[in-house]
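Observations on the model geometry
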Amino acid sequence: MDLMNYSTLRTLSRILTAAPQGRQVGAVLDKVHSWQTTTPHTNSMLIPTLRYEVYESLKADTAALELRYMVSPALHAALHAAEVLDELREGTGCYQPTWDEEPLQMLPEETRERWLDTFERDEDAEDLVMETLAVLMAQTHNYPLSLELTQYLVTYTLAVELSKVQHEAHPRKETVRCIKLAKYLTPWERPHTIDYICHKDGEVFLLDGEIDKGTCEDYLDAIHQAEKSVAHDDLKRYLKDRTAQPCFDFELEKAVHSWLGDEYKRRGVPVE
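Residues numbered from 1 in each chain as written. Predicted model: local features only at pLDDT ≥ 70, side-chain atom pairs only at ≥ 80, totals over all residues. Heavy atoms only, no water.

**Here's the deal with helix 9 (residues 216–227)**
The condition is simple: Note on conventions: DSSP H or I runs of at least 4 residues are helices, E runs of at least 2 residues are strands, and numbering of each starts at the N terminus. An expected span of 1.5 Å times one less than the residue number is assigned to each helix. Here a residue-residue contact requires only that any non-hydrogen atoms of the pair lie within 4.5 Å.
With 12 residues, helix 9 should cover 16 Å at 1.5 Å per step; its first-to-last C-alpha distance of 16 Å lies within 8% of that length. Next to the buried residues of helix 9 lie helix 2 (23–38), strand 1 (197–200), strand 2 (203–206), helix 10 (232–243) and helix 11 (250–260).

This is the structure we're talking about:
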């Protein structure tokens with residue numbers, strides 16, 4: 001698996017979404033972080049591939065729960081949105097990433113808010129998918145890309161509604177991992193990078209201080225993992241941004257303080 005191509009990235013993405021907690025999860029992340037330092041296109045190829053695998057995983061998890069009659073109206077509606085999207089894709093050949101990295105900022109605020117709100121009826125889910133696709137098509141004139149961006153929103157909705165289900169009721173332990181990956185990978189404001197998807201005790205650990213929470217030592221270990229593929233100034237800038245967020249974990253601030261030492265100034269703001 002030393003050759004980086006779409007097939008390999010898809011296999012690695014499937015390990016991240018389906019493999020049980022263990023050394024294999026960390027090994028995959030270490031490998032792609034290593035590729036980041038030598039192959040410029042690793043991130044731009046892996047992130048879209050991982051998004052597709054997360055979508056399929058959460059869709060299957062939700063379908064499994066529905067077979068056991070354990071879904072809320074909102075989770076059922078989210079699954080229906082995925083089914084509508086898949087029907088629109090049928091016969092188009094649009095089943096692979098487009099490799100066009102576009103954030104969701106182009107969506108009108110009203111449409112974004114509708115995805116962030118809870119919807120519980122199949123009709124509302126169908127209307128929202130069709131409306132979003134029409135808006136994106138008008139802006140991009142690119143049907144595969146419009147389908148892909150709509151998929152990101154459906155994935156996010158599946159993740160949000162699945163996160164409301166008790167962990168013990170999830171069809172598999174890896175559902176929690178896919179939920180947090182889906183939330184992290186949704187490009188609301190900016191593109192995301194694999195560099196800050198780290199690992200702890202054989203499980204995915206996000207260096208974001210919001211979706212994932214950990215101890216100071218957990219964050220320090222994640223920072224050292226990120227250092228292998230991120231330039232010092234870029235990593236410092238990213239951590240400054242994360243510790244400026246209103247909901248960040250104060251343990252992350254302590255870790256940044258410890259990591260930067262004399263470069264750190266009060267209130268957790270790294271010096272430019």
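Having put the structure on the table, let's press on.
**Some words on the packing of aromatic side chains**
In this description, a pair of aromatic rings is defined by centroid distance and the angle of the planes. We count it as follows: Only centres within 6.5 Å qualify two rings of Phe, Tyr or Trp (six-membered ring in Trp) as a pair; their planes then separate them into stacked at under 30 degrees, edge-to-face at over 60, and tilted for everything else. Each residue's exposure class comes from its accessible area (1.4 Å probe, protein chains only) as a fraction of the maximum for that residue type: buried when under 20%, exposed when over 50%, partly exposed otherwise.
Enumeration according to the criterion identifies five aromatic pairs in this entry. Ring centres of Trp-115 and Phe-119 lie 6.0 Å apart, and the angle between their planes is 80°; this geometry places the pair in the edge-to-face category. Among the residues examined, Phe-119 registers a relative accessible area of 8% and is labelled buried. Measuring from ring centre to ring centre gives 5.4 Å for Phe-205 and Tyr-219, while their planes differ by 55°; the resulting arrangement is tilted.

**A closer look at the environment of Glu-189**
What counts here: The definition of a polar contact used here is a pair of N or O atoms within 3.5 Å, where within protein one atom must be able to donate a hydrogen and the other to accept one, and adjacent residues in sequence count solely through side-chain atom pairs.
Mapped onto the elements of the fold, Glu-189 is located in the loop between helix 8 (174–185) and strand 1. With relative accessibility at 43%, the residue Glu-189 sits in the partly exposed group. In this structure, the C-alpha to C-alpha distance between Glu-189 and Val-84, residues 105 residues apart in sequence, is 25 Å. Looking at Glu-189, its side chain comes within polar contact range of the side chain of Arg-112, at 2.9 Å.

**Section: the pattern of salt bridges**
For clarity, the cut-off: Criterion for a salt bridge: a side-chain nitrogen of Lys or Arg within 4 Å of a carboxyl oxygen of Asp or Glu.
Applying the stated criterion to the full structure yields 19 salt bridges. Across the salt bridge formed by Glu-189 and Arg-112, the nearest N and O atoms sit 2.9 Å from each other. With Glu-189 in the loop between helix 8 and strand 1 and Arg-112 in helix 5 (residues 109–116), this residue pair connects regions lying 77 residues apart in the sequence. Its salt-bridge partner being Asp-212, residue Lys-180 comes within 3.0 Å of it at the nearest N-O pair. Taken as a pair, Lys-180 in helix 8 and Asp-212 in the loop between strand 2 and helix 9 lie far apart in primary sequence, 32 residues in all. One exposure class covers both Lys-180 and Asp-212, and it is buried. Where salt bridges share partners, they join Arg-10, Arg-14 and Glu-53 into one cluster.

**A closer look at unusual backbone geometry**
The backbone phi angle of Tyr-69 is positive, close to 55°, even though this residue is not glycine. Note that Tyr-69 resides in the loop between helix 3 (42–67) and helix 4 (73–89). The backbone of Trp-99 sits at a positive phi, close to 70°, despite the residue not being glycine. Looking at the element boundaries, Trp-99 is found in the loop between helix 4 and helix 5. For Trp-99, a relative accessible area of 36% translates into the label partly exposed.

**Concerning the nonpolar core**
Condition: Throughout, nonpolar core names a set of buried Ala, Val, Leu, Ile, Met, Phe, Trp, Tyr and Cys residues whose side chains join them through atoms within 4.5 Å.
In this structure, Leu-58, Val-154, Ile-197, Leu-207 and Leu-239 are the most contacted members of the largest nonpolar core, which totals 75 residues. Among the elements that make up this core, the one with the highest residue count is helix 7 (residues 143–162) (10 residues). Setting aside residues no more than four positions away along its own chain, Leu-58 makes contact with Thr-155, Leu-158, Ala-159, Leu-162, Thr-175, Cys-178, Ile-179 and Ala-182.

**Quick notes on the packing of helix 4 against helix 7**
A pair of packed helices can be characterised by two numbers: the angle between their axes and the separation between those axes. Defined as follows: Helix axes are fitted to C-alpha atoms over the stretch in contact, other axes to C-alpha atoms as well, and angles between N-to-C directions run from 0 to 180 degrees. Just so you know how the angles are binned, under 35 degrees is roughly parallel, over 145 roughly antiparallel, 65 to 115 roughly perpendicular, and the rest oblique. A crossing counts as left-handed when the near helix is turned anticlockwise from the far one by less than a right angle, and as right-handed when that turn is clockwise. Residue polarity is assigned by list, with Asp, Glu, Lys and Arg as charged and Ala, Val, Leu, Ile, Met, Phe, Trp, Tyr, Cys and Pro as nonpolar; anything else, Gly included, falls into the polar class.
One way to put it is that helix 4 packs onto helix 7 with a least axis distance of 9 Å and a crossing angle of 160°. Judged by the angle between their axes, helix 4 and helix 7 are roughly antiparallel. The two elements helix 4 and helix 7 meet at a crossing, and its hand is left-handed. Residues Ala-74, Leu-75, Ala-78, Leu-79, Ala-81, Ala-82, Leu-85, Leu-88 and Arg-89 of helix 4 lie in contact with helix 7, whose contacting residues are Tyr-143, Leu-147, Glu-148, Thr-150, Gln-151, Val-154, Thr-157, Leu-158, Glu-161 and Leu-162. Among the residues making up the contact of helix 4 with helix 7, the classes are represented as 13 nonpolar, three polar and three charged.

**Some remarks on a negative patch on the surface**
The criterion, for reference: What goes into a patch is any residue over 30% in relative accessible area without a salt bridge, connected to like charges within 9 Å or, for nonpolar side chains (Val, Leu, Ile, Met, Phe, Trp, Tyr), within 5 Å. For the area figures, the Shrake-Rupley method with a 1.4 Å probe applies, and any residue is considered shielded solely by the protein chains shown. Residues scored as charged are limited to Lys and Arg (positive) and Asp and Glu (negative), so that His and the chain ends carry no count. Charged groups are reduced to one reference atom each: NZ for lysine, CZ for arginine, CG for aspartic acid, CD for glutamic acid.
The grouping of Glu-83, Glu-87, Glu-90, Glu-126 and Asp-127 at the surface amounts to a negative patch. Elements represented by at least two residues in the negative patch include exactly helix 4 and helix 6 (122–140). The topology assignment puts Glu-126 in helix 6. Judged by its relative accessible area of 37%, Glu-126 falls in the partly exposed class.

**Remarks on the packing of helix 1 (residues 6–18) against helix 3**
Two elements in contact, helix 1 and helix 3, have axes whose closest approach is 9 Å; the angle formed by their N-to-C orientations is 45°. As summarised for this structure, helix 1 and helix 3 are arranged oblique, according to the angle between their axes. As for the relative orientation of helix 1 and helix 3, their crossing is right-handed in sense. Only Met-45, Leu-46, Thr-49, Leu-50, Glu-53, Val-54 and Ser-57 of helix 3 make contact with helix 1, whose side of the interface consists of Tyr-6, Leu-9, Arg-10, Ser-13, Arg-14, Leu-16 and Thr-17. Across the contact of helix 1 with helix 3, the residue classes break down as seven nonpolar, four polar and three charged.

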